[in-house]
Amino acid sequence: MENEVNHQSGSINGDSNYRKTNVKETLKKDLTLPNLRCVILVTLLFTSSFIIYSFKVVMVTEPQYLALKIPYLHRESNISNRGTGTTLTCTNYSDKCVTFGSAISVDKKRYLCPNFEGRLGNIMFIYASTYGIAFDHNFTVVVSRRNELYEGFENIPVQYLSTCNCSDDAQFIQEKFPRIHEKFNFSIKHTVYRIKGFLQSWKYFKRSFADIKQQFVFKQSIRTKVRKTLQGLALSMFPNKTVTTVGIHVRRGDFVREHLVVPKKEYFDRAKQYFLNKYQNVLFIVATSPIEEDRKWCKDHIMNGNGKAVFSGFNDRYEDMAILTMTDHVITSVGTFGWWSGFLNNGTVIYYDWIPKDHRRFNRNDYVIPSWIGLKPNT
């Protein structure tokens, strides 16, 4: 292309033959041996620079090869080299392991693999408890990069592994009861464990509270949407006033269908009155399922009760949980979704202190955070 341009330019100026002759003479003069070496050296340098630049472009456009920053993790531990926040680079990356990532990188020879099941609240418990157990016993947690937690939370760390370490020959550990804290024994002769169970006890990650709260930060787009919603609801209900927002989680749905324990209107009335006695201009924001029966129950028993109450307006699980965590305080009902709404909320948490029929499967002290305020069904 360049030759064509020069040829056309020479023809236009009428000196094409002169330019060709001049170039030949110049080449004869300049292509001495030292100058030829320089030309070759410059060519090699230019070629290598182009290759390096192209490789960098490939590295940027192929995220599985990037070194990913693990957040600084605050823990109480006697084990050193934790949470250093160093940048980790992986090589020999295997295509079949593209969905795997490491939440903790401490001992790369020992792996703890969670067995995820259930919905969002259950998955959060399984992740957090596995994380805490791995921390206490010096394991690396391995989770799928496609795990749904990455859809809503932005700080769950990722480090790509060179091999799939949750193999079929992993040693299994089975939890006995979902809401009773257990002590697991790990043998040093086994390097890969898969832990099974719902692991619904805060004591599994009691030394990693700061880590879990740091990781379960909702994505910026969710936080922005929820913040605007909170501001809009407060302004519409209490114009030009300082408002105290209280989230209310109402779990019914499958609990009602399966005849499980659910709080009644009296519980929510007492919980609401607790905040009405302490604050002025209290706005209760209700988050429940989009099922028509559940919303009708809330309209009849919460909206028509004491204080001003509105629906959150969301039908997305992450946005519903986010608004419950971003209100000033929160009232929970039953289920793990409400539990995590309370855990991630920075204000006062009121919970439904019901007594299960089968005490062997439930230990209140292992499940309920000590600082929460419990209201029993008949008080």
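Rules used in this analysis
- Residues numbered from 1 in each chain as written.
- Predicted model: local features only at pLDDT ≥ 70, side-chain atom pairs only at ≥ 80, totals over all residues.
- Heavy atoms only, no water.
- Helix = DSSP H or I, 4+ residues; strand = E, 2+ residues; numbered from the N terminus.
- Buried < 20%, exposed > 50% of the residue type's maximum accessible area, 1.4 Å probe, protein only.
- Contact = heavy atoms within 4.5 Å.
- Core = buried A, V, L, I, M, F, W, Y, C linked by side-chain atoms within 4.5 Å.
- Domains from an automatic or database assignment.
- Phe/Tyr/Trp six-rings, centres within 6.5 Å; stacked < 30°, edge-to-face > 60°.
- Lys NZ or Arg CZ within 6 Å of the ring centre and 35° of its normal.
- pLDDT = per-residue confidence, 0-100.
- Axes fitted to C-alpha atoms, helices over the stretch in contact; angles between N-to-C directions.
- Parallel < 35°, antiparallel > 145°, perpendicular 65-115°, else oblique.
- Left-handed = near helix turned anticlockwise from the far one by under 90°.
- Nonpolar A, V, L, I, M, F, W, Y, C, P; charged D, E, K, R; others polar.
- Arc of directions from axis to C-beta.

Caption draft 1: Highlighting the environment of glutamate 117. Position of glutamate 117 among the secondary structure elements: in the loop between β4 (111–114) and α4 (120–137). In this structure glutamate 117 comes out as partly exposed when scored by relative accessible area, which is 33%. Spatially, the C-alpha atom of glutamate 117 lies 8.5 Å from that of glycine 197, the residues being 80 residues apart in sequence. Once you skip the residues sitting within four places of it in the chain, glutamate 117 turns out to touch Asn122, Ile123, Ile126, Gly197 and Phe198.

Caption draft 2: How the structure looks around the nonpolar core. Judged by nonpolar contacts, the single largest core of 84 residues is most densely connected at Phe205, Phe216, Trp339 and Trp340. With 9 residues, the top contributor of residues to this core is α4. Viewed by domain, this core spans two of them, domain 1 (111–215) and domain 2 (220–375), each represented by three or more residues.

Caption draft 3: Layout of the packing of aromatic side chains. Tallied over the full model, the rule gives 30 aromatic pairs. Note on phenylalanine 153 and phenylalanine 216: the rings are 4.9 Å apart at their centroids and 40 degrees apart in plane angle, and the pair reads as tilted. A residue pair is termed long-range when its members are at least 10 positions apart, and phenylalanine 153 in the loop between α5 (149–152) and β6 (171–174) and phenylalanine 216 in the loop between α6 (209–215) and α7 (220–237) qualify at 63 residues. As far as burial versus exposure is concerned, phenylalanine 153 and phenylalanine 216 are alike and both buried. Above the plane of the ring of phenylalanine 343 lies lysine 213, whose end atom (NZ or CZ) is 5.0 Å from the centre. One Lys or Arg, lysine 272, reaches over the ring of phenylalanine 284 and ends 5.5 Å from the middle of that ring.

Caption draft 4: Representation of the confidence of the model for the protein in the model. Averaged over the protein, the pLDDT score is 75; the fraction of residues at 70 or greater is 67%. Looking over the protein, one finds the lowest element-wise mean pLDDT in strand β2 (residues 87–88), namely 28, and the highest in strand β11 (residues 329–331), namely 97. Note that pLDDT drops below 50 for residues 1–33; the model gives that stretch 8 contacts with residues more than four away or on any other chain. Low confidence marks residues 48–100, where pLDDT is under 50. Its contacts with residues over four positions away, or in another chain, come to 85 contacts.

Caption draft 5: Main features of the packing of helix α11 (residues 317–326) against helix α12 (residues 336–344). Contact geometry of α11 with α12 gives a least axis separation of 8 Å together with a crossing angle of 45 degrees. It follows from the interaxial angle that α11 and α12 lie oblique. The interaxial crossing formed by α11 with α12 has right-handed handedness. On α12, the residues touching Arg317, Asp320, Met321, Leu324 and Thr325 of α11 are Phe337, Trp340, Ser341 and Leu344. When grouped by side-chain class, the residues that make up the contact of α11 with α12 number 5 nonpolar, 2 polar and 2 charged.

Caption draft 6: Local environment of helix α10 (residues 292–303). Every buried residue of α10 is listed here: Asp294, Trp297, Cys298, Ile302 and Met303. Relative to the axis of α10, the buried residues are bounded by an arc of 160 degrees and lie together on one face. In α10, the exposed residues that point more than 90 degrees away from the buried face are Glu292, Glu293 and Lys296. Looking at the buried residues of α10, the elements they touch are β8 (244–249), α9 (265–278), β9 (282–287) and β10 (308–311).

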